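Structural description and commentary
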Amino acid sequence: MKKENWFNKDVEEIEKELQTNIEKGLTDEEVKQKRKKYGYNELQAAKKKTLFQRFLDQFKDFSIIILIIAAIVSGVVGIAEGEGITDTVIILLVVLVNAIIGVAQESKAEKSLEALQKLSDHASKVIRNGNIIVIPAKELVVGDIVVLDTGDYIPADLRIIEAVNLKSQESSLTGESVPVEKISEKIEETEVGIGDRKNMLFSSSLVTYGRGKGIVVETGMTTEVGKIAGMINQTEKQETPLQQKLNKLGKTLGIAALVICVIIFLIGLLQGKEPIHMFMTAVSLAVAAIPEGLVAVSTIVLAIGVQKMVKKNAIVKRLPAVETLGSSTVICSDKTGTLTQNKMTVEKLFYNAQTFDMKDVQKKVEGLEKVNRIELKAEELKELVFANMLCNDTKVGADGELTGDPTETALVDMAFKLNFDPSIYNRTPRVEEIPFDSERKLMTTVNQVNDKYIVYTKGGIDELLERCTSYQINGEIKTDLDKYLEIIEENNKTMAKEALRVLGCAYKILDAKPSKEEVENLESGLTFIGMVGMIDPPREEARLAVQKCKTAGIKTVMITGDHKITATAIAKKLGILENEDEALTGLELDKISDEELEKNIRKYSVYARVSPEHKVRIVKAWQKNGEIVAMTGDGVNDSPALKTSDIGCAMGMVGTDVAKEAADVILTDDNFATIVSAVEEGRRIYDNILKVIQFLLSSNIGEIFVLFFATLFTPLFAKWFGITDINNLAILLPIHILWINLVTDSLPALALAFDPANEDIMKRKPLQPKKGVFTKNMTVTVIYQGIMIGAITLLAFIIGLATTHNPIGDLSLEASKIEVGQTMAFITLSLAELVHVFNVRDNKKSVFKTKIFNNMKLIGAVAISAMLVIGILVVPGLREIFSIPILPKENILELLMLIISPIVIVEIVKLFRKRK
């Protein structure tokens, strides 16, 4: 079906176009034909990947592919040499564990359409064959006539044909917190946003007041909710910055490993070494070049961060999302329920010719006795509160819980805050009423007070004043209302400028209960009391969070379905907006091309009356500018943007299921401030992942350095130290490198995840999204520290070869020299890296100023790793597996000096950098 502007058409025109009858509805035969044409009223889910497909996806990473190839080559060579496949098993085990972790996380994430489909699981009252029947919502077809009452769920998109005081709550779709008054008349304007189509009802909304009827004009995927479902289907989830950087890093390391392997292999052949031995050396280099633990350790670091986030009221559904938060440069936030409380609240009261802040009035009544009886001609504040309490349909539960229209519950809540007793309701029974309707814009009740009857009327200011002949001020009733009108209008305009919804109140006293005829004329000769101004107020903690974002270099943008005047007023209070020209409406946005929006996106901070499509456009425009965009929201209308953004954050308490499932993070306390805490945690985790990368890569570069130069200088070493069999002159065996990479290095790397945040973490600007892991400073640091580790290890190997003068056990002198040299290199490399982990905690501060003991898990990890290395030295069975002899006593002092040397060298470099 082509796009139709149903709100622009008369009921008769729609009735004819959809071939229906508004009195009798559709016949069974017509229903069959329409269902054949349009299908069921349900949402279509996108085809999902199977568990096996998700599992295979984990092996597409370039570094993982290189590891698998290295494992296969190692296995082939091991079998050919009769040395077994230990190395192969260890590598494949790491790859498998990483894949399982990845699949387990992803399996929880993609349920957006399932939640949307739940929205259709309702029953509907329809007129068919001239009778009202109840059917499942999915069986509705275009042209059905739906009957609606208060509390009913809207099952499809409807064009209203009858509306009696009809209001619907559309906040989950439009973002507007106040129920919308509905009409049945045609709307003449052609460009009207969803929130202003007052003769339409939309699927997933709720009738909060009144009753009505509507023609089904859109079902399933063509409804506004269906369009959102389609947008979610079409949205491809972007890789997070961390995934992109680690993938780029993996490719770089993989290519470097292959190039180095080929070079080393060719050098070895030129030196006359056997090809099979050079294969083993090449495999050792591949294993050394790629930090096997990096992907797994990064995953576990993120998982640890996720657990910490739960304690800070944020549930993270996808592991890399934690780091993405830390990289965020823009936060696009929905207003209703996210930046505001999603609860209408009275903020201003006007009486006695003055406007008062609600907070100031509250202070005046603190400590006073509860107001539990109505006094005729009471002071104006009391009279104003009585009017708002009694001319009200709010239900007060036994526990004080308020249910009803948000505007009306706000008025009763005001009364309770001002110490008015709920028992007043029992002593002032309502005897007559004139319900609110959208034409009069007034509601009137008559309540019995002892032997008198009080008429209370509330509603729109202009409509109310037309029915007033007097006003009450300072205990007197005066009739010169024309003079007072100027004061009323001035204060009304002031409240309206602050985006407050203003209601006026009036009353009159009757001696007798009004008759049916008199009820029709109750709204006349009233005495004006005052006005109340209400709004869905901003959260105080959100204002502080916005300020914190500014300090951290993060731009906060408000995107809402609410009116522009309301959005700008809230944005000013929160500090998001300074000038009103920073705000755009959805209609204004429609007139701007994507290219123009991308160019000028930084000019705007507030978007009002927007649709889900607009929200996605805004997010994409920021992304095209190279920004990392976080999107917060709670409604169905937020879900496409939540999924399009780099990081989607849904509200856990008032958020819809759809928003929660589309998001990456759920804020369990519905607090915008929580996202700022999450950003801080994300930055801490990202810092710690950088520490892990620096630690692991400097270690791996050290291993590459030592293997490369040991191979290059093999003939020289053989000549210097009298080694005749150069095929066995290897500085490290593959099992040594695997042990260091997977066991010795991994525990301290994991413990770095618990490093606390730096004090200035939220005072620095976000990382530039386009920058990779390797900034200039990071590259220089990793390379010089890697060369340092490699040089120390190479020196240990040379010392081992040079200081061995006697055979060890059954070994020849030549074999003893090689094994002592290998042992010196293995122990030095293992323990020097454990010492080096303390250097990477801060690249500027001295290791002695970094509060070494504020991460006891790191101390424990280093101690365990060191004991495991020592265990290899002292346990005979392990010595045999690792081809390690007992080290001569004369080498112990040299070994200790080499192990602690990284601290000394890095401290000197830090001092030099600081002075420079």
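Residues numbered from 1 in each chain as written. Predicted model: local features only at pLDDT ≥ 70, side-chain atom pairs only at ≥ 80, totals over all residues. Heavy atoms only, no water.

Quick look at the environment of aspartate 687
Basically, it comes down to this: The secondary structure listing takes helices from DSSP runs of H or I that are at least 4 residues long and strands from runs of E that are at least 2 residues long, numbered from the N terminus. Whether two residues are in contact is decided by their heavy atoms, any of which lying within 4.5 Å being enough. What qualifies as a polar contact is a pair of N or O atoms within 3.5 Å, subject to a donor-acceptor requirement within protein and to the restriction that residues adjacent in sequence count only when both atoms come from side chains.
Turning to its location among the elements, aspartate 687 is positioned in helix α28 (residues 672-712). In the structure, aspartate 687 is positioned 68 residues away from aspartate 755 in sequence and 9.2 Å away in space, judged by C-alpha atoms. Ignoring sequence-local partners within four residues, the contact set of aspartate 687 consists of Asn758, Ile761 and Arg764. Engagement of the side chain of aspartate 687 in a polar contact is seen with the side chain of arginine 764, the distance being 2.7 Å.

As for the pattern of salt bridges
Side chains carrying opposite charge are able to pair once their charged atoms draw close together. Test applied: Just to be clear on terms, a salt bridge is a Lys or Arg side-chain nitrogen sitting within 4 Å of an Asp or Glu carboxyl oxygen.
Scanning all chains against the criterion turns up 37 salt bridges. In this structure, arginine 617 and aspartate 594 form a salt bridge, with 2.8 Å as the shortest nitrogen-oxygen distance. One end of the pair, arginine 617, is in helix α25 (residues 612-624); the other, aspartate 594, is in helix α24 (residues 594-600), and 23 residues separate them in sequence. Taken together, the shared-partner salt bridges connect Lys125, Asp149 and Asp152 into one network.

Brief notes about unusual backbone geometry
This is how the line gets drawn: Relative accessibility decides the category of a residue: with a 1.4 Å probe and only protein chains considered, values under 20% of the type maximum give buried, values over 50% give exposed, and everything between is partly exposed.
Positive phi values are uncommon outside glycine, yet alanine 353 reaches one of about 65°. Relative to the elements of secondary structure, alanine 353 occurs in the loop between β10 (345-351) and β11 (354-357). Alanine 353 gets classed as partly exposed once you look at its relative accessible area, which sits at 26%.

Looking at the pairing of β10
Test applied: Paired strands, in this sense, are two strands between which DSSP finds at least two bridges.
The element β10 is largely enclosed, with a buried count of 6 among its 7 residues. By the bridge criterion, 5 bridges tie β10 to strand β20 (residues 526-535) in an arrangement that is antiparallel. Residue lysine 348 lies in a different strand from β20, and its bridge partner there is glycine 533. What sits between β10 and β11 in their antiparallel hairpin is a turn of 2 residues, with asparagine 352 showing a positive phi close to 50°.

Remarks on the packing of helix α12 (residues 320-327) against α28
Keep this limit in mind: Axis definition: a line fitted to C-alpha atoms, limited for helices to the stretch in contact. Angles are taken between N-to-C directions and run from 0 to 180 degrees. Any angle between 65 and 115 degrees counts as roughly perpendicular, while under 35 counts as roughly parallel, over 145 as roughly antiparallel, and the rest as oblique. Three classes are used: nonpolar for Ala, Val, Leu, Ile, Met, Phe, Trp, Tyr, Cys and Pro, charged for Asp, Glu, Lys and Arg, and polar for all others, with Gly counted as polar.
For the pair α12 and α28, interaxial distance at closest approach is 6 Å and the crossing angle is 105°. On the basis of their axis angle, the class for α12 and α28 is roughly perpendicular. Note on element contacts: α28 touches α12 through Ile675, Ala678, Val679, Gly682, Arg683, Ile685 and Tyr686, opposite Val322, Glu323, Leu325 and Gly326. A breakdown of the residues in the contact of α12 with α28 according to their chemical character gives 7 nonpolar, 2 polar and 2 charged.

A word on the environment of alanine 673
If you trace the backbone, alanine 673 turns up in helix α28. With residues up to four places along the chain from it excluded, the contact list for alanine 673 reads Glu541 and Ala545.

Digging into the confidence of the model for the chain
Worth spelling out the cut-off: Looking at any residue, its pLDDT shows the predictor's confidence there, from 0 to 100.
On average, residues of the chain score 83 in pLDDT, and 87% of them reach the 70 mark or higher. Per-residue pLDDT, averaged within each element of the chain, yields its smallest value for helix α6 (residues 112-118) (42) and its largest for β20 (96).

A look at the packing of aromatic side chains
Under the convention used in this document: A pair of Phe, Tyr and Trp rings is counted when the ring centres sit within 6.5 Å of each other, with Trp represented by its six-membered ring. The angle between the planes then sorts it: under 30 degrees is stacked, over 60 is edge-to-face, the rest tilted.
For the structure shown, the criterion picks out 9 aromatic pairs. Consider the rings of phenylalanine 705 and phenylalanine 709, whose centres lie 4.6 Å apart with planes at 45°: the pair is tilted. One end of the pair is phenylalanine 705 and the other is phenylalanine 709, both in helix α28 and 4 residues apart, which spans about a single turn. Judged by its relative accessible area of 25%, phenylalanine 709 is partly exposed. For the pair phenylalanine 826 and phenylalanine 882, a centre-to-centre distance of 5.9 Å together with 25° between the ring planes defines the contact as stacked. Placement of the pair is phenylalanine 826 in helix α33 (residues 813-836) and phenylalanine 882 in the loop between α35 (876-881) and α36 (892-915), with a sequence separation of 56 residues. Accessibility classification places phenylalanine 826 together with phenylalanine 882 in one group, the buried group. What links up through ring pairs into an aromatic cluster is the set Phe705, Phe708, Phe709 and Phe713.

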